[in-house]
Amino acid sequence: MTMPKLGRRALLGSAGLGMLAAPAIVRAQAAAPVAQDTTQLEINRAMPPETHRFKLGDFEVLVVKDGARPSGAPNETFGTNQSAADVAALLEENFLPTDDFVNSFAPTLVNTGSDVVLFDTGLGPGGRAQGLGRLVEGLAAGGYSPEDVTVVVITHMHGDHIGGLMEDGKPTFPNARYVAGQVEYDFWTDTARVGTPAENGHKGVLANVQPLAEKMTFIGDGAEVVSGITGMAAFGHSPGHMIFNIESAGRRLVLTADTANHFVLSLQRPDWEVRFDMDKEAAAETRKTVFDMLATDKVAFLGYHMPFPAVGYVEKQETGYRFVPKSYQFEL
Ligand SMILES: [Zn+2]
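Reading the values: the criteria
- Residues numbered from 1 in each chain as written.
- Predicted model: local features only at pLDDT ≥ 70, side-chain atom pairs only at ≥ 80, totals over all residues.
- Heavy atoms only, no water.
- Helix = DSSP H or I, 4+ residues; strand = E, 2+ residues; numbered from the N terminus.
- Buried < 20%, exposed > 50% of the residue type's maximum accessible area, 1.4 Å probe, protein only.
- Contact = heavy atoms within 4.5 Å.
- Areas by Shrake-Rupley, 256 points an atom, 1.4 Å probe, with all protein chains shown as cover.
- Donors = N, O, S within 2.8 Å, 3.2 Å for Na, K, Ca; no water.
- Tetrahedral: all angles 85-135°; square planar, octahedral: opposite > 155°, others 65-115°.
- Pairing = 2+ DSSP bridges.
- Axes fitted to C-alpha atoms, helices over the stretch in contact; angles between N-to-C directions.
- Core = buried A, V, L, I, M, F, W, Y, C linked by side-chain atoms within 4.5 Å.

Taking an unreviewed UniProt entry as the reference, the chain is identified by name as Glyoxylase-like metal-dependent hydrolase (Beta-lactamase superfamily II) belonging to Pseudorhizobium flavum.

Below you can see the structure in the form of structure tokens.
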């Protein structure tokens, strides 16, 4: 036997409104129907994108959810050198579905007081059909216009990081200068990429990054972006992938970009191969070096694909690391 559902109105009725209301209102009703698929996409679009703001010393950090999308069978992206059963078991152990994983995107703005630095740009116009590419909307919700951005930092040149650089063939952030890794830029712009699996990426960089090259500073390991923000080479995920140490008033956050792409599968099993990692061995070594450091020093990090708001800590475990997402009182 199925239990009758208590509708909201029925509850209100029994709480005393029944005295005033017409009898029709007292009758139990079905809850609002659950929106499905395209309807849900429309509803999401109608709501402002999620944002999250916190302090880092004297800096202000604003994380924007550019979007999130279902991304298929987890074991076809993570643990590609493992059995599907082992990948599924780890997901189940962590209360996650085994048939699909969600990938989300978190471009981040850091206001240092003298500069407004944006790290990565989301999927841009190319993601809109899927309800992605909402960075500019999110910045607006956080009180920033594209004109406010003085520096755009590109951690690496995969499409989900450079897609928002241009809008209708024009720079999205008209007043910004740009900072990107030299190794990364040289790799993607090289015509040797034509006819290889990197050809699409090559085309994307020619369309979105190369037009801005004149306003770009190309950096390597240890380079300062602005006072308090330093680039560190973290190669592997892509040939010139960079991460950033951000420090203000003695407080510290490391922006790890795509060093780890899943809060369970990449962090708990850093050695597992990931389809997105272009040099799988180097990416695994970098993952362990970076997250060992963060666990040992108990330093907060912000990972582009971590569950929104994409910030937290890691705790070292026997194998790999446990993601400890931010909770209350996360002001650094
Ligand atoms: Zn990415």
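Read on, since the account is not over.
Asks: Kindly report on the overall build of the chain, identifying the contributing residues and their values.
Replies: Secondary structure summary: the chain contains 9 helices and 18 strands in total. A burial count over the chain gives 46% of its 332 residues as buried. Taking the contacts inside the chain whose residues are at least 6 apart along the sequence as the reference set, 67% of them involve residues at least 24 apart. When the accessible surface of the chain is summed, it comes to about 16,100 Å², and 53% of that surface belongs to carbon and sulfur atoms.

Asks: Tell me about the coordination of the zinc ion, and please be specific about residues and values.
Replies: The protein atoms donating to the zinc ion are Asp 160 (OD), His 161 (NE2), Asp 258 (OD) and His 305 (NE2), with metal-donor distances spanning 2.0 to 2.3 Å. Of note is the zinc ion, whose 4 donor atoms meet at the metal with angles of 87 to 171 degrees in an arrangement that counts as irregular. Coordination of the zinc ion draws on donor residues from a single chain, spaced D-H-x96-D-x46-H in sequence. Highlighted residues: His 161 in helix 6 (residues 159-162) and His 305 in the loop between strand 16 (300-303) and strand 17 (311-316), separated in sequence by 144 residues. In this pair, the class of His 161 matches that of His 305, namely buried.

Asks: Quick rundown of the sheet that holds strand 7 (residues 151-154)? Include the residues and the values.
Replies: What links the strands of a sheet is backbone hydrogen bonding, and the strands pair in either a parallel or an antiparallel sense. Read across the open sheet, the 7 strands follow the order 1-2-5-6-7-10-11; overall the sheet is mixed. A strand with exactly one partner marks an edge of an open sheet, and here the two such strands are strand 1 (51-56) and strand 11 (216-219). Each adjacent strand pair in this sheet contributes to an overall mean axis angle of 20 degrees, direction not counted. Examined bridge by bridge, strand 1 and strand 2 (residues 59-64) share 6 bridges and lie antiparallel to one another. Following the sheet pairing, Thr 51 is matched in strand 2 by Val 64. Contacting strand 10 (177-181) and strand 11, helix 7 (residues 182-189) runs over the sheet at an angle of about 85 degrees to strand 10.

Asks: I'd like a rundown of the nonpolar core, residues and numbers included.
Replies: Phe 54, Phe 119, Ile 229, Phe 244, Ile 246 and Phe 291 are the most contacted members of the largest nonpolar core, which totals 44 residues. Every residue in contact with Ile 229, bar those within four places of it in the chain, is listed here: Phe 59, Val 110, Thr 112, Val 117, Phe 119, Ala 223, Glu 224, Phe 244, Asn 245 and Ile 246. Counting 27 residues, the second largest nonpolar core, distinct from the first, contains Val 64, Leu 109, Met 157 and Ala 198.

Asks: Give a detailed account of unusual backbone geometry, specifying residues and quantitative values.
Replies: With omega at 10 degrees, the peptide bond leading from Phe 308 into Pro 309 counts as cis. For Pro 309, the position within the fold is in the loop between strand 16 and strand 17. Backbone geometry places Ala 249, a non-glycine residue, at a positive phi of 50 degrees. Here Ala 249 is to be found in the loop between strand 14 (242-248) and strand 15 (251-257).

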